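If you want the building blocks of each chain, they are given just below.
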Amino acid sequence: MEFELKTIEALAPDQASLSAASKLTKRSNWPRLEKNEQQALIWGECQGSGSNPYRTVVDTGDHGYKCTCPSRKFPCKHTLALMWIAATAPASFTSAETTPEWVNDWLGRRRKSAPPPVDAKSGRGASGKSIGEASQAEESTVDDAAATERRETAQRKRAEDTRTAVAGALDELDQWIADQLRLGLSAFADASSERCRRIAARLVDMKATALAGRIDEIPARLMALRSEERPDAAIRELGKLVLLAKAWRSAPDDPELKRLVSASETRDQVLANPDARQVDSQWEVIGEKIETRRDGLVSHSTWLLDLKSPTPQFALLLDFFPASAGRRSAAFTPGDRFDARLVFYPSRQRLRALVAERKGDVVSGAWPDFGLGIVKDPLAAHAAHQDAAPWSTDSPLMLPAGAILLDERGTAWWQAAHDPQGIALPVAGTVDQTVLGLDLSATAALWNGARLDLLAAQSGFGRLDLS
């Protein structure tokens, strides 16, 4: 299973790919690195700019490879980095007796080929590629103290410019909201697409990018409701924006508020943050949401449930990628269980997280008994979340025993068991007919203040995927 650097150099499509790969050879970029020597395979999960890692596998025999990233270079930087780690730090790979399902899928579809000829020359050759040069470039970047100082100075300058621009953006947002109130919210829902698009574009220009993305999604959230519900929903959405703007002005350096208004931290920044909570536990993928946004990005949300917590605790892996890159292969599928260390982004309600280290898969089974019993208020967790962060939108919930039923208009509702006259919550979208009327001992869902977005449930038939 030995790999030589000259092999990687020969396989790289260009020098830029080698340079990019050299930056991914840090162990912290790879929550999972495994190998199977009998099958001559190495594979890993590399954390990219999003929260869902890219899955990469390499056949060390014939140098065949597969990566789930959207790169159009072959092999991509993740594949080259995986080979690079195998060549320079083979002890980083944990031996695995079996291969993951996604590796098996790739093995089943590929055709083996003879290993390609490798240029034995080292250093920059006729191909114009040099792995040594790529390594030196990375080292010089790290070691050049003067360059580091200049970079930090430039970062401080950019941060100050961004803060000034965002403050101006929020002033314009306040004026825009005042205009909507003046024009009347009864017509806002019908005209929301054009109105929101206009202010969102302005906010992007003024570096309030994250806030712009949220405003861009308001029309879709309103259109998902009945017409008579939209004015109230519009008031709630605009009210949350007002609260968020006020909170940012009070604490512009607050990491959660910066994340919601302008831009998110990088993975390295989150990992290095001493306030970032780390949780070692077993996790189940309870559902995923993939949505194409109006700004051309696709958001991929993967919701996890902590299986060792005595009360329902959730984590969100959030990833964004250009819609033009096409559908990505997901790193996880609903129902997957794994042992991992997650690092949570600092916030008032810790939900968004990164997979810092994945330690192995866990056998599937029923959810733990969270002692839900007869819960008088299934929305208590949402209320607590709103108290801490009133600008937040969706809250994950674990509902007690209940069932999904239809009303006379064909709208699906979750109805609590043992309390047929009590609380019932409307369900978003359509529901699989086979789920209707089943006794559900527990249901995981997202609540946005108006609709439940179902994720998964436990029933007498086992786990049900509802996302």
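Note that the coordinates shown come from a computational prediction; the quantities given were computed from them, not determined experimentally. (Residues numbered from 1 in each chain as written. Predicted model: local features only at pLDDT ≥ 70, side-chain atom pairs only at ≥ 80, totals over all residues. Heavy atoms only, no water.)

(A) Molecular detail of the pairing of strand β12 (residues 402–406). Of the strand pairs in this sheet, β12 and strand β13 (residues 412–416) are connected by five bridges, and their pairing is antiparallel. Bridge pairing in β13 links L406 to A412. Between β12 and the antiparallel strand that follows it, β13, lie five residues; G410 among them carries a positive phi value of about 85 degrees. (Pairing = 2+ DSSP bridges. Helix = DSSP H or I, 4+ residues; strand = E, 2+ residues; numbered from the N terminus.)

(B) Main features of the side chain of K240. Its location among the elements puts K240 in helix α10 (residues 230–250). Only 2.9 Å separates the side chain of K240 from the backbone oxygen of S392, close enough to count as a polar contact. With residues near it in sequence (within four places) discarded, K240 still touches R214, Q386, P390, W391 and S392. (Polar contact = N/O pair within 3.5 Å; in protein donor to acceptor, adjacent residues only side chain to side chain. Contact = heavy atoms within 4.5 Å.)

(C) Structural context of the packing of aromatic side chains. Counted according to the given criterion, the structure contains three aromatic pairs. Taken together, a centroid distance of 6.1 Å and an interplanar angle of 70 degrees make the contact between W176 and F188 edge-to-face. Taken together, the residues W176 in helix α6 (residues 145–183) and F188 in helix α7 (residues 188–205) connect sequence positions 12 residues apart. Here W176 matches F188 in class, with each residue buried. Relative to F338, the ring of F332 has its centre 4.9 Å away and its plane inclined at 15 degrees; by these criteria the two rings are stacked. Overall, F338 belongs to the buried group, its relative accessible area being 0%. Geometry around Y345 places R352 over its ring, the cationic atom sitting 4.5 Å from the centre. (Phe/Tyr/Trp six-rings, centres within 6.5 Å; stacked < 30°, edge-to-face > 60°. Buried < 20%, exposed > 50% of the residue type's maximum accessible area, 1.4 Å probe, protein only. Lys NZ or Arg CZ within 6 Å of the ring centre and 35° of its normal.)

(D) Expanded view of the pattern of salt bridges. Considering all chains together, one arrives at 29 salt bridges under this definition. The salt bridge involving R358 is made with E45; its shortest N-O contact spans 2.8 Å. Linking R358 in strand β10 (residues 353–361) with E45 in strand β2 (residues 41–46), this pair joins segments that are 313 residues apart in sequence. Residue classification places R358 among the buried residues on the basis of a relative accessible area of 7%. For K289, the salt bridge identified is with D453, shortest N-O distance 2.8 Å. Taken as a pair, K289 in strand β6 (residues 278–292) and D453 in strand β16 (residues 452–459) lie far apart in primary sequence, 164 residues in all. Connected through salt bridges with shared partners, the residues R32, E34, E45, R55, R358 and D361 form a single ionic network. (Salt bridge = Lys/Arg side-chain N within 4 Å of Asp/Glu carboxyl O.)

(E) Structural detail: the sheet that holds β10. Strand order in the open sheet made by the five strands is β8-β7-β6-β9-β10, with antiparallel pairing throughout. Strand pairing shows two members of the sheet lacking a second neighbour, β8 (314–322) and β10, which therefore form its edges. On average, adjacent strands in this sheet sit at an angle of 40 degrees to one another, irrespective of strand direction. Strand direction decides the pairing type here: strand β9 (residues 337–344) and β10, joined by seven bridges, are antiparallel. Residue V343 lies in a different strand from β10, and its bridge partner there is L354. (Axes fitted to C-alpha atoms, helices over the stretch in contact; angles between N-to-C directions.)

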